[in-house]
Every structure is written in structure tokens, then in C-alpha cells.
Amino acid sequence: MQYTTLGRTGLAVSRLAFGAMTFTSGDRSLGAIYKTDADVADALVGQALDAGINFFDTADAYASGQSETILGQVLMARRSEVVIATKVGFRTGTPLGQAGLSRRHILLSVEESLKRLRTDWIDVYIVHKEDPFTPLEETLAALDAVVRSGKVRYIGFSNWSAWKVAAALEIQKANGLAPFTHGQMYYSLLGRDVERDILPMMQRYGLGLTVWSPLASGFLSGKYTRETLGDPDNRYSGFDILPFDKERGFALVERMRVIAAAHGASVAQVAIAWLLAKKTVSSVLLGASKPHQLADNLGAAKLVLDEGDLAALDAATEPAPVYPNWFIDNLVDQPQKAALNGHVAAGR
């Protein structure tokens, strides 16, 4: 297993992490996702630990909190050895206030997550989505409060826009508030939107990046066909939220099979190894619900794609430029660029 520090912190995390979104003790509201019971969860976490994973991720909204409960139970005996991340922001109950990033909801949610996780502290507390109804300053002050209380060690964001993260970081810096350490974002060969603005912003501020759904909800495992994609027992039949062209996806998988065969690897391992080759990526979350899936995903840690493989995958999945990115890239001063040997001036 490879390890790195998260952003500019000293927190050491495994470059492959384990995501516990599928864990449930009865909530089947998302049957395509919530399907891993406590016994299988225990086996999966043990398998992850044996492989050297020390970074585990969940959220208060997963299976009505049951994911946190099961993960906390399984990791309780080894709490001091692992890094636990959980999230806040999605609705966790029917009352109006049980959602969002208000001070009230954050302070209440921290306490509830601590109880379910059976721990005195949360290593990484992540705001799960933006809240358009709460002032940003209120959210950041509440996050600072839970860090200062000792209940949370580090904070991060997930699914936020680049401008809002940048604004938050400037507010945190100006007011001496606990800063964001990293972002947990969707990133895969079929979803490279973060490369436009999110990644440059993260590099500017020294943030780490953890990746959710590296296999595009399992599509990049190569197990789906045009005929089976809609089968009622697979994830895409009940949780198809990622916007990508399925035909383009099938064509990509065929290219990946060629690369995988050359390395004696699986399609899923190629997808994960491509992310691990990105310097901006701190850790990749594996969301396997079965031991053989996790074993295959873990094999990506040993797969090193050569420059030709990486270039081919990059070229096959390059996202279309959007404004103002295409304007900036196409109209860069060429004499200046040549004089600086291709290095972009700081701050552009």
C-alpha cells in the first residue's frame, strides 16, 4: 500500500481508501446501493485493513446513519490505528432543520455521528454538498467550533464549486478559522470535469483530493453490457446519477480491455491506476460490496501504467473545453510561453 499526507496536513492516509456507503442494517431505500449487511461489512473492513488501508469514509446520510453505526462497530477495537471520515449536509430526518450546513445542524450532526461511530473524535469531517440557504460564514464558523472543541481533527468539502471553496478558504484565512484540508470529489475517466477549475484551485491552495466513484458507479469495472445495463439487480437500474454518454463509455471500456490485457490486469484496476498516477490525487475511495470486488480493486495499487497508456487514456477521454477555459488556453501569449519553457506564470 502507498501512503501520502492529506493536503498540507501531517495526516498520513493510504492512497486507496474504503468507502462504506453500501453498509446497512435494514435500510433498503436505495436497494441498488444499501445492500451490505454487518457480517459482510466486517469481512470487507478486515480485508481492507489487511491490505494496508487506514482511511475509511462514510456519511451520516448513508442508510439513515446505519453505515456509520456498522463502520464504528467494526473499527472500534482498532480506532487509534485508522482515519475515519464522515460527512454532513444531506437530509437525515423529516423535520425541516435536519439538513443543510447551518450551525444548528452541524453541531447536532457531529454529536450524532460520534455516537454512531462509537468514537470521541472524527478525524475528517466533510461538508457533503453546498447549502444555498445558509450564509457561508455561518457554516465556516460552525466547522471551526467543532474543530476547536476537539470533536473533529480536520475538515473538508465534497461536491462544492471552485469559487465557493476559494471564497471559504479566504474567509478562513482572514478570520483564523480552521481551514479546509482537502476536497472529496467525483473524478473518473468518464468524469473529468474537476480538471477545468477544481484541480487548479486545489493546487493553488495546497489542498488534497480524495476521489469518490472512481469506477463511475461500477461502469468502469467492465462488467456491464448494453444488454445488461438496465437489469434490476445492478446499480445503474436504481442509481444512475452520473451524466455521461453510455455509448462513449462502452467504447472506452473496450480500449481499456486492451491495456488491461497487456498488463495482466482488470479493467477496474486500469481505471483506478490512472487516477493514482495523477499527482493531484491523494486517495481513491473503493466502494466494493463483495470481497472479490475489493480484492480486484486493491490490485490497482500494484499496477503502474506506462506513459503511453496514460497518454492514450487521456486522449480518449479529454473533456470538451468550456468558456473561459478555451479562451485562456487558446490565446495564451506564445512568445512568453516559449520564453518561460512552457511554464505558466503564477496566478494566470
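Whatever comes next refers back to the structure up there.
Residues numbered from 1 in each chain as written. Predicted model: local features only at pLDDT ≥ 70, side-chain atom pairs only at ≥ 80, totals over all residues. Heavy atoms only, no water.

Asks: Just checking my understanding: could you explain the environment of Ala295 for this structure?
Replies: Among the secondary structure elements, Ala295 is positioned in helix 10 (residues 291-298). With a relative accessible area of 42%, Ala295 lands in the partly exposed category. Put simply, Ala295 and Phe180 are 115 residues apart on the chain and 32 Å apart in space, counted from C-alpha to C-alpha. (Helix = DSSP H or I, 4+ residues; strand = E, 2+ residues; numbered from the N terminus. Buried < 20%, exposed > 50% of the residue type's maximum accessible area, 1.4 Å probe, protein only.)

Asks: Got a minute to help me understand the pattern of salt bridges in this structure?
Replies: If charged atoms from side chains of opposite charge come close, those side chains can pair. Per the stated rule, a full pass over the model turns up 13 salt bridges. A salt bridge links Lys115 to Glu112; the shortest N-O distance between them is 3.7 Å. Of this pair, Lys115 and Glu112 both sit in helix 3 (residues 103-117), three residues apart, which is roughly one turn of that helix. With a relative accessible area of 29%, Glu112 lands in the partly exposed category. Residues Arg257 and Glu254 are paired through a salt bridge, measuring 3.2 Å at the closest nitrogen-oxygen approach. Taken together, the positions of Arg257 and Glu254, both in helix 8 (residues 246-263) and three residues apart, correspond to about one turn of that helix. Glu254 gets classed as partly exposed once you look at its relative accessible area, which sits at 46%. (Salt bridge = Lys/Arg side-chain N within 4 Å of Asp/Glu carboxyl O.)

Asks: What should I look at first to understand helix 10 in this one?
Replies: Residue pairs spaced three or four apart in an α-helix point in one direction, given the helix's 3.6 residues per turn. When we look at burial in helix 10, the residues that qualify are Leu294, Asn297 and Leu298. When helix 10 is viewed along its axis, its buried side chains cluster within an angular range of 100 degrees and face the same direction. In this structure, the buried side of helix 10 is in contact with strand 3 (16-19), helix 1 (38-50), helix 9 (267-276) and strand 10 (283-286). (Arc of directions from axis to C-beta. Contact = heavy atoms within 4.5 Å.)

Asks: Please explain the packing of helix 2 (residues 66-75) against helix 3 as it appears in this structure.
Replies: Any two packed helices are characterised by how steeply their axes cross, that is the angle between the axes, and by the distance between the axes. Running from N to C, helix 2 and helix 3 point in directions that differ by 45 degrees, and their axes come no closer than 7 Å. By the angle between their directions, the pair helix 2 and helix 3 is classed as oblique. Across the interface between the two elements, Glu68, Thr69 and Gly72 of helix 2 pack against Ser113, Arg116 and Leu117 of helix 3. A breakdown of the residues in the contact of helix 2 with helix 3 according to their chemical character gives one nonpolar, three polar and two charged. (Axes fitted to C-alpha atoms, helices over the stretch in contact; angles between N-to-C directions. Parallel < 35°, antiparallel > 145°, perpendicular 65-115°, else oblique. Nonpolar A, V, L, I, M, F, W, Y, C, P; charged D, E, K, R; others polar.)

Asks: What exactly am I supposed to notice about empty space enclosed by the protein here?
Replies: One simple way to see leftover space: roll a probe sized like a water molecule over the atoms. Under the criterion given, the structure shown has one cavity of 30 Å³ or more. The wall of the largest cavity is formed by Leu101, Asp131, Thr134, Leu136, Thr139, Trp160 and Lys164. Each residue belonging to the lining of the largest cavity can be placed in one class, and the counts come to three nonpolar, two polar and two charged. (1 Å grid on protein atoms, 1.4 Å probe; cavity = no way out; pocket = protein on both sides within 12 Å on 5 of 7 lines; lining within 4 Å. Points joined across faces, edges and corners; volume = space filled by probe spheres on them.)

Asks: It is not clear to me how the packing of aromatic side chains should be interpreted in this structure. Could you clarify?
Replies: Given two aromatic rings, their pairing is described by the distance between the two centres and the angle made by the two planes. Taken as a whole and assessed by the stated rule, the structure comprises 12 aromatic pairs. Ring centres of Trp160 and Phe180 lie 5.5 Å apart, and the angle between their planes is 85 degrees; on these two criteria the pair is classed as edge-to-face. Residue Trp160 is located in the loop between strand 7 (152-158) and helix 5 (162-175), and its partner Phe180 is located in strand 8 (residues 180-186); the two are separated by 20 residues in the primary sequence. Overall, Trp160 belongs to the buried group, its relative accessible area being 3%. Residues Trp326 and Phe327 carry aromatic rings whose centres are separated by 6.0 Å and whose planes lie at 65 degrees to one another, so their mutual orientation is edge-to-face. Judged by its relative accessible area of 38%, Trp326 is partly exposed. The ring of Phe90 has Lys129 lying over it, and the distance from NZ or CZ to the ring centre is 5.5 Å. (Phe/Tyr/Trp six-rings, centres within 6.5 Å; stacked < 30°, edge-to-face > 60°. Lys NZ or Arg CZ within 6 Å of the ring centre and 35° of its normal.)

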